[in-house]
Amino acid sequence: MKKLLLLFLILFSFQNAFSQIYDPVSFKTAVKELDSNTYELSITTQIEKNWHIYSQKVPANGPMPTSFKFEKSKNYTVKGGVTEPNGHEVDDPVFNMRIKFFETKAIFTQIIERKTNEAFKINATIEFMVCNDQSCLPPTEREFVFEIPKGNLKEETKVIVETKTTNSDTIATVATDTVKENTIKPEIKKAVVTVKNVPAPEEQNIWSVFLLSFLGGLAALLTPCVFPMIPMTVSFFTKQSKTRAAGIRNALLYGWFIIIIYVALGTLVTTLFGADALNALATNVVFNLIFFLLLVVFAVSFLGAFEIVLPSSWLTKVDNNSQKSGVIGIFFMALALAIVSFSCTGPIVGTLLVQSASQGGLAPIIGMFGFSLAIALPFTLFAAFPGWMNSLPKSGGWLNSVKVVLGFLELALAFKFLSNADLVLQLHLLEREVFLAIWIAIFLVLALYLFGKIQLSHDSPVTHLSVGRLSLGIAVLAFVVYLIPGLWGAPLQYISGFPPAKQYSESPNGFGNTAVSNDAKELLPEGAESGPNGITTFHDYETGLTYAKKVNKPVMIDFTGYACVNCRKMEERVWPDPQVLSQLKNDVVVISLYVDDKRPLAENEQIVSKITGKKLKYTGQKWSEFQILKYKTNAQPYYVLTDHNGESLNQPTAYNPDIQFYTNWLKEGVGNFKKLK
């Protein structure tokens, strides 16, 4: 039962891990000497598949064009403007106009002429917007530093500047090759320049998908459908192969075919649904209800009510082909493993595909690679080192216990999807207290099961508790104790984003206060509500703007969603900070616009969308249209500080759990508003 320690919280991490900010553009800079006084500065953009950035010239009322700024200096002058590649000119479906944009890769160049022989730096900024066929990400700025070496007319100098981006800084590594007269070997000089506060591409998402999928594969290994297959399959390869080397080679092929089969499944999901289609359905009610039911079926299967199996005729055909010799036979043996073990691996694979497909892009392929790698490794390693099999625990009742634990985890995760549907419809059927009560019940029963107090029909009698089973039982029980204060309003930051927000509860103002007092209601402005952390919040833009003019405060527009996990994280982890909370309560007027609000619009408000050409029927569609047209993005959360004319006071920001950054961002916007007085 020590193996059970690998399973705890594997499935709970998925919704959390797949909600990160996406950045599909990376940059590389270079400096090339044209002659002793003239240099070419280049910025190369690498753009992920299905995304694009726009030309420097864009029609009016279109997306934000790509633009460049080079800091003025007496050390150099720019010659002409920035040169861009040919690109593609198409009818853009998002902005409904003909626009030139760039895909995959684009190189922008600027010619400069030096005015001094001394070495100097050139500070440059690129501002751009990245979009795909469905949506756009927030406008972004990146800063770069080009280093021009010391000038010398008697030297030929070629300078190459390469940048790499980290989580907080952009590091520019400069390698200067100076070839002097009458010398053979170049003299190499190096310098490192750090440009602060430049955002980096997010690679964490894809690594999270891989890691969690790999852990899911390890969990699948410990099920009764897969674990007993390890010694059987390895023994087959070692006995049937004439030499040990041949046995290892065949086992390697077997492992590769396992990976190929599951990666093909991930590729199929990506091809059928597209890179971002399921991501757009994340707040769709039907989508969430379907996957709630699907995960409940998976959970009930793991708990032993029935087995999910593929048609027996499939296995018969595959098994017949596996008798063939050579590579083809090994491939069908791997396919047979996938079919035979489907009753155990199917629910795990299904859950992985649901979560990774919601992430979009190549996540389903990466997820299936991580899962299959964990499955394939033992077969290959034990074939190479057969003696290791002596250390494997014997098959027994503990394998069924693994399935049961996974069943409880699947059941708990299922209610997150049901909660999403309830939040979007605002039915208040699964409020915070009810959700937490369900989770407490699920994990309490799981704890009792691990302690041997509850047994299911397929379980072997528990005569004693192993250290692993006891440890996991204690961990689950501790988690239950942690959840209980949430019924009375505790924040529960470790699982923020999973349960509904505190204000979506029977007692939003604390246990025993089922309603806001009459005095408190009188203190709220007309049209306002008590939002997260007691912040006065408007849900209508015009109403909030009118109040902001009355009290002479800037507006903070909070584009959010009822089913937005990262929105809840910001509200539960960043907004409660004393400095942030003070500014949100006293210095700005908060207008929270829910883009998944399903309240019907009045007939006179149901206008035709300028984006889709269809009539807007719901309040959330109105706010989503407003966000895309005004700010050219559909990301949530998305925060904008504006004056009373709707003009931005500073650069809008999206999800960023850095409290100090958010504090400084608020201070900057409020300070700029005061300067306008």
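Quick caveat, the model's predicted, so the values are computed rather than measured.

Turning to helix α17 (residues 578-586), its buried residues number three or more, namely Val-580, Leu-581, Gln-583 and Leu-584. All buried residues of α17 project into a common sector of 165° when viewed along the axis, lining one side. In this structure, the buried residues of α17 make contact with β17 (555-560), α16 (565-574), β18 (589-594) and α19 (659-675). Measuring from the backbone nitrogen of Gln-579 back to the side-chain oxygen at the start of α17 gives 3.2 Å, which picks out Asp-577 as the cap.

Turning our attention to the packing of aromatic side chains. Taken as a whole and assessed by the stated rule, the structure comprises 28 aromatic pairs. Taking 5.5 Å as the distance between ring centres and 90° as the angle between the ring planes, the aromatic pair formed by Phe-102 and Phe-108 counts as edge-to-face. Each member of the pair, Phe-102 together with Phe-108, is buried. With a centroid separation of 5.3 Å and 40° between ring planes, the pair formed by Phe-538 and Tyr-547 is classed as tilted. By the ring-pair criterion, three or more aromatic residues cluster together here, those being Tyr-541, Phe-559, Phe-626, Tyr-631 and Tyr-638. For the cation-ring pair, Arg-469 lies above Tyr-449, with the distance from its terminal atom to the ring centre recorded as 5.0 Å. When the ring centre of Tyr-618 is taken as reference, the NZ or CZ atom of Lys-598 above it lies at 5.5 Å.

Three or more residues of helix α15 (residues 541-551) are buried, namely Tyr-541, Gly-544, Leu-545 and Ala-548. All buried residues of α15 lie within an arc of 100° about the axis, which places them on one face of the element. Opposite the buried face of α15, at more than 90 degrees from it, the exposed residues are Glu-542, Thr-546 and Lys-550.

Per-residue pLDDT for the protein chain has a mean of 76; in total, 73% of the residues score no lower than 70. Across the protein chain, the secondary-structure element scoring lowest on mean pLDDT is strand β14 (residues 187-196), at 33, and the one scoring highest is β18, at 95. Confidence over residues 153-204 falls short of pLDDT 50; this stretch has 111 contacts with residues more than four positions distant or in other chains. A low-confidence stretch, residues 514-519 (pLDDT under 50), is modelled with 5 contacts involving residues beyond four sequence positions or located in other chains.

Quick notes on the rules
- Residues numbered from 1 in each chain as written.
- Predicted model: local features only at pLDDT ≥ 70, side-chain atom pairs only at ≥ 80, totals over all residues.
- Heavy atoms only, no water.
- Buried < 20%, exposed > 50% of the residue type's maximum accessible area, 1.4 Å probe, protein only.
- Helix = DSSP H or I, 4+ residues; strand = E, 2+ residues; numbered from the N terminus.
- Arc of directions from axis to C-beta.
- Contact = heavy atoms within 4.5 Å.
- Polar contact = N/O pair within 3.5 Å; in protein donor to acceptor, adjacent residues only side chain to side chain.
- Phe/Tyr/Trp six-rings, centres within 6.5 Å; stacked < 30°, edge-to-face > 60°.
- Lys NZ or Arg CZ within 6 Å of the ring centre and 35° of its normal.
- pLDDT = per-residue confidence, 0-100.

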